[in-house]
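Examination of the molecular architecture
The primary structure of each chain is shown beneath.
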Amino acid sequence: HPVVGDLTLVYEELAITEEYLEIERVRFGERLDVSVDCADDACDALVPSFLVQPLVENAIKHGVARSRDTVTVEIDASIRNDQLCICVANCVAADDVSEESNGARRGVGLLNVRQRLQAVYGPAATLTAHRDGQRFVATICIPGLALPN
């Protein structure tokens, strides 16, 4: 599969995402709490540029913007079973029973990420998104330690 777009190191991708989150912190103040964890081996893997930000934008739109409480957005990058896994999770209000919070989000952001993963890595790379208790979790998994075919 041809490489589509620029590839960047995971730690650079997360640094750009954190800059975006700084802007959102101004907007939401104490209602937005952010946790970013990148395992050393995952930080040096390659991913398509701006792959994570659409997932974070969804977490802001569907989590923080809809809640009056503090919402934690967690971003975690690690290597699991020879796959790069980047997970973006956000709290979901206990009384939010909408289809979107239950995993039926069909937004442009998720579709765009899926299409970019397919273009670069083929069907082996995945994006899953679902509700897990009081959290909504979107996980990108790229096999082969994120080395494009």
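You'll find the structure just up there.
Our subject in this report is the structure included herewith.

Conventions adopted
Residues numbered from 1 in each chain as written. Predicted model: local features only at pLDDT ≥ 70, side-chain atom pairs only at ≥ 80, totals over all residues. Heavy atoms only, no water. Pairing = 2+ DSSP bridges. Helix = DSSP H or I, 4+ residues; strand = E, 2+ residues; numbered from the N terminus. Core = buried A, V, L, I, M, F, W, Y, C linked by side-chain atoms within 4.5 Å. Buried < 20%, exposed > 50% of the residue type's maximum accessible area, 1.4 Å probe, protein only. Contact = heavy atoms within 4.5 Å.

1. So, the pairing of strand S4 (residues 71–80)
- Sheet topology places strand S2 (residues 32–38) next to S4; seven bridges connect them, and they run parallel. Among the inter-strand pairings, Leu32 is bridged to a residue of S4, identified as Val71.
- Direction of pairing for S4 relative to strand S5 (residues 83–91): antiparallel, over a ladder of eight bridges. Bridged to Ser78 within S5 is Cys85.
- Connecting S4 to the next strand, S5, in antiparallel fashion are two residues, including Asn81 with a positive phi near 50 degrees.

2. Section: the nonpolar core
- Core analysis: the biggest nonpolar cluster contains 39 residues, and Val10, Ile60, Leu117, Ile140 and Ile142 have the highest contact counts within it.
- When near neighbours in sequence (up to four residues on either side) are disregarded, Ile60 contacts Tyr20, Leu21, Glu24, Phe28, Leu32, Ala65 and Val73.

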